[in-house]
Amino acid sequence: MKKIVLFLVMAMVCVGGYAQNADDICGIFHSVDPFSKEGSQCEIYRAKDGTYEAKVVWVENPKKKNQLGLVFMTNLTYNAKENEYQNGKIQYPGKKGTYKAYIRVVDGGKTLKMRGYLGVSLFGMTVDWTRESKVREQK
């Protein structure tokens, strides 16, 4: 009986370790543009309405400095049951239109899998974003 109780307690501790706080997505992330192959950083933060947004905070290509501060992703909401951020809207700088987006947190928060798509998720692209500790120095 003691072994069963111990097992149940350990299982609860382990499952609790995987629980995610909605604000765990907040921070600085680096990604590489799948089209131009240039790097950039974004900051994800909680907006005033409680959803999550992302803005550009660093660009590898100095010619794209005009994108600094651009809020390109809005309306992300955390779905604890599915452990993902959903209902996002993303605008790709330099392209027309708005795409739907969702984000999954992997590797204990070190990586985000951001999927942007048109219509249904099948017609889209996933880009990895890697957490970084600070904004890089802009040149």
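Notes on the structure follow. (Residues numbered from 1 in each chain as written. Predicted model: local features only at pLDDT ≥ 70, side-chain atom pairs only at ≥ 80, totals over all residues. Heavy atoms only, no water.)

Considerations on the packing of aromatic side chains
In the structure shown here, the tally under the stated rule is five aromatic pairs. Between phenylalanine 35 and tyrosine 92 the ring centres are 5.3 Å apart and the planes differ by 85°, which places this aromatic pair in the edge-to-face class. In this pair, phenylalanine 35 sits in the loop between strand E1 (27-32) and strand E2 (39-46) while tyrosine 92 sits in the loop between strand E5 (84-90) and strand E6 (99-106), placing the two residues 57 residues apart along the sequence. Classification of tyrosine 92 by relative accessible area gives partly exposed; the value is 22%. Connected via pairs of aromatic rings, a cluster forms that spans Tyr52, Tyr78 and Tyr85. One Lys or Arg, lysine 55, reaches over the ring of tyrosine 45 and ends 5.7 Å from the middle of that ring. (Phe/Tyr/Trp six-rings, centres within 6.5 Å; stacked < 30°, edge-to-face > 60°. Helix = DSSP H or I, 4+ residues; strand = E, 2+ residues; numbered from the N terminus. Buried < 20%, exposed > 50% of the residue type's maximum accessible area, 1.4 Å probe, protein only. Lys NZ or Arg CZ within 6 Å of the ring centre and 35° of its normal.)

Notes on the side chain of glutamine 86
Position of glutamine 86 among the secondary structure elements: in strand E5. Here the side chain of glutamine 86 touches asparagine 79 through a polar contact of 3.1 Å, side chain to side chain. Polar contacts involving the side chain of glutamine 86 include one to the side chain of glutamate 82, which spans 3.1 Å. In contact with glutamine 86, not counting residues within four places along its chain, are Asn75, Leu76, Thr77, Asn79, Ala101 and Tyr102. (Polar contact = N/O pair within 3.5 Å; in protein donor to acceptor, adjacent residues only side chain to side chain. Contact = heavy atoms within 4.5 Å.)

As for unusual backbone geometry
We note that lysine 37 has phi near 65°; this positive angle belongs to a residue other than glycine. Considering the arrangement of structural elements, one finds lysine 37 in the loop between E1 and E2. The phi angle at asparagine 87 is positive, at roughly 65°, despite the residue not being glycine. Within the secondary structure, asparagine 87 sits in strand E5.

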